[in-house]
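Fold and contact review
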Amino acid sequence: MKLTILGTGNATVTECYNTCFALSDGNRHFLVDTGGGNRILKVLKDTGIQLEDIHDIFITHEHIDHLLGVIWLIRMIGQKKIGQGKYEGNLRIYCHEELARSIRMIAELTIQKKVTKYFDDRILFVPVHHGETKEILGCPVTFFDIFSTKAKQFGFTMLLPNGVKFTCCGDEPYNEKDYEFVKGSDWLTHEAFCLYSQRDIFEPYKKNHSTVKDACELAEKLGVPNLVLYHTEDKNIENRKALYTEEGKAYYHGNLVVPDDLETLEL
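Note that the structure is a prediction, hence the values are computed from the model and not measured.

**A few points about the sheet that holds strand S1 (residues 2–7)**
Taking strand neighbours across the sheet as the criterion, the seven strands line up as S6-S5-S4-S3-S2-S1-S14 in an open arrangement whose pairing is mixed. Two strands in the sheet have a free side with no partner beyond their single neighbour: strand S6 (123–127) and strand S14 (264–266). The sheet shows a mean angle of 20° between the axes of neighbouring strands, taken without regard to direction. Taken together, the five bridges between S1 and strand S2 (residues 20–25) define a ladder with antiparallel strand orientation.

**Side note on the pairing of strand S4 (residues 54–58)**
Regular strands show a simple pattern: their side chains alternate between the two faces of the sheet. With five of its five residues buried, S4 lies for the most part within the structure. Sheet analysis places strand S3 (residues 28–32) next to S4, joined by four bridges and oriented parallel. Looking at S4, one finds that Phe30 is bridged to Asp56. One crossover worth recording links S3 to the parallel S4 by way of helix H1 (residues 39–47), and it is right-handed. As paired strands, S4 and strand S5 (residues 91–95) are joined by three bridges and run parallel to one another. When the bridges of S5 are listed, Asp56 appears paired with Arg92.

**Some remarks on the packing of H1 against helix H3 (residues 69–82)**
Relative orientation of the contacting elements H1 and H3 amounts to 70°, with a least axis distance of 8 Å. Accordingly, the angle class assigned to the pair H1 and H3 is roughly perpendicular. Along the contact surface, H1 presents Ile40, Leu41 and Leu44, while H3 presents Gly69, Trp72, Leu73 and Met76.

**Comments concerning the environment of Met76**
With respect to the element layout, Met76 can be found in helix H3. With 168 residues separating them along the chain, Met76 and Tyr244 place their C-alpha atoms 36 Å apart. In this structure Met76 touches Leu41, Leu51 and Lys81, once residues within four positions along its chain are discounted.

**Some thoughts on the environment of Val32**
Looking at the element boundaries, Val32 is found in strand S3. For Val32, a relative accessible area of 1% puts it in the buried group. When the C-alpha positions of Val32 and Ile57 are compared, they lie 5.9 Å apart, and in sequence the two are 25 residues distant.

**Examining the packing of H3 against helix H4 (residues 97–110)**
At a minimum axis separation of 10 Å, H3 and H4 run at an interaxial angle of 55°. Of the possible angle classes, the one that applies to H3 and H4 is oblique. Seen along the crossing, H3 lies across H4 with a hand that is right-handed. Residues Val70, Ile71 and Ile74 of H3 touch H4, and the partners they reach there are Ile103, Ile106, Ala107 and Thr110.

**Concerning the nonpolar core**
Generally speaking, a soluble globular protein has its nonpolar side chains buried in company with each other. In this structure, Leu6, Leu44, Ile59, Ile93 and Ile103 are the most contacted members of the largest nonpolar core, which totals 35 residues. For this core, the secondary structure elements donating two or more residues are S2, H1, S4, H3, S5, H4 and S6. Looking at which element gives the most residues to this core, the answer is H3, with seven residues. Here Leu6 is in contact with Tyr17, Cys20, Phe21, Ala22, Leu31, Ile40, Val43, Leu44, Thr47, Ile49, Asp261 and Leu262, once residues within four sequence places are set aside.

**So, the packing of aromatic side chains**
Under the counting rule described, the total for this entry stands at ten aromatic pairs. Pairing Phe21 with Tyr230 gives two aromatic rings, centres 6.2 Å apart and planes at 25°, and the pair type is stacked. Taken together, the residues Phe21 in strand S2 and Tyr230 in strand S12 (residues 226–230) connect sequence positions 209 residues apart. Exposure remark for Phe21: the relative accessible area of 2% places this residue in the buried category. Ring geometry for Phe144 versus Phe181: centroids 5.3 Å apart, planes at 15°, classification stacked. Placement of the pair is Phe144 in strand S8 (residues 139–145) and Phe181 in helix H6 (residues 179–182), with a sequence separation of 37 residues. Following the ring pairs from residue to residue traces out a cluster consisting of Phe21, Phe30, Phe58, Tyr94, Phe143, Phe156, Phe166 and Tyr230. Over the ring of Tyr196 we find Arg199; its NZ or CZ atom is 3.8 Å from the centre of that ring. Over the aromatic face of Tyr196 sits the side chain of Lys213, whose NZ or CZ is 4.7 Å from the ring centroid.

Calculation notes
- Residues numbered from 1 in each chain as written.
- Predicted model: local features only at pLDDT ≥ 70, side-chain atom pairs only at ≥ 80, totals over all residues.
- Heavy atoms only, no water.
- Pairing = 2+ DSSP bridges.
- Helix = DSSP H or I, 4+ residues; strand = E, 2+ residues; numbered from the N terminus.
- Axes fitted to C-alpha atoms, helices over the stretch in contact; angles between N-to-C directions.
- Buried < 20%, exposed > 50% of the residue type's maximum accessible area, 1.4 Å probe, protein only.
- Right-handed = clockwise from strand over helix to strand, strands pointing away.
- Parallel < 35°, antiparallel > 145°, perpendicular 65-115°, else oblique.
- Contact = heavy atoms within 4.5 Å.
- Left-handed = near helix turned anticlockwise from the far one by under 90°.
- Core = buried A, V, L, I, M, F, W, Y, C linked by side-chain atoms within 4.5 Å.
- Phe/Tyr/Trp six-rings, centres within 6.5 Å; stacked < 30°, edge-to-face > 60°.
- Lys NZ or Arg CZ within 6 Å of the ring centre and 35° of its normal.

Structure, rendered in structure tokens:
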């Protein structure tokens, strides 16, 4: 199983794409969030992920930097793949029930009926609930409410075939209410809005986000051997990897990954 980082940035970035990623087993892909627009089509093309090989998409929450790319995927998969007989099976979109209604409404307002006619037939909305487990890419995926202070949001854990436990905490700081889900994780993806040393500049706490220091202290406390930091600012993106790694290593002694867009990791 490999992890491909499609985007690393927060909602307002311009120098990279909004945070989203894919978990892949060969040519089968599980997309987690889709960024804020049709640039998702470009980053998928750049990483070699074909639309006809995407059958599972999870949208964590309703914010536009995580949501709007899925509208383009619905359009392109429905029109160019399903409509032309180039798509085997169904497209499943996982999200909480209220969000499913919002995605359907946006799609029905902006996409032709020749595509939306596939809803509930070939394009399926699969509601997720706290503590519920689904099978995706042949692996058990357990979804959990992150108890967001801003908008209802879910994370998940995925048990890979090699026994590795992969956990996504969403785009807000880890909540101790989810300890039973997160404990024992081998890989943890966590937002890090900015450096702790620049917290007065970017004011992450006002947005209910964390810093590199906060995320690294958390991973150290939880004993997670591999930590991936994303959902960051982009004001010094050329040096972001070095700066975040330098600050983080003072608080975390595992494998700290500060990826760039399109970077791929073996899990």
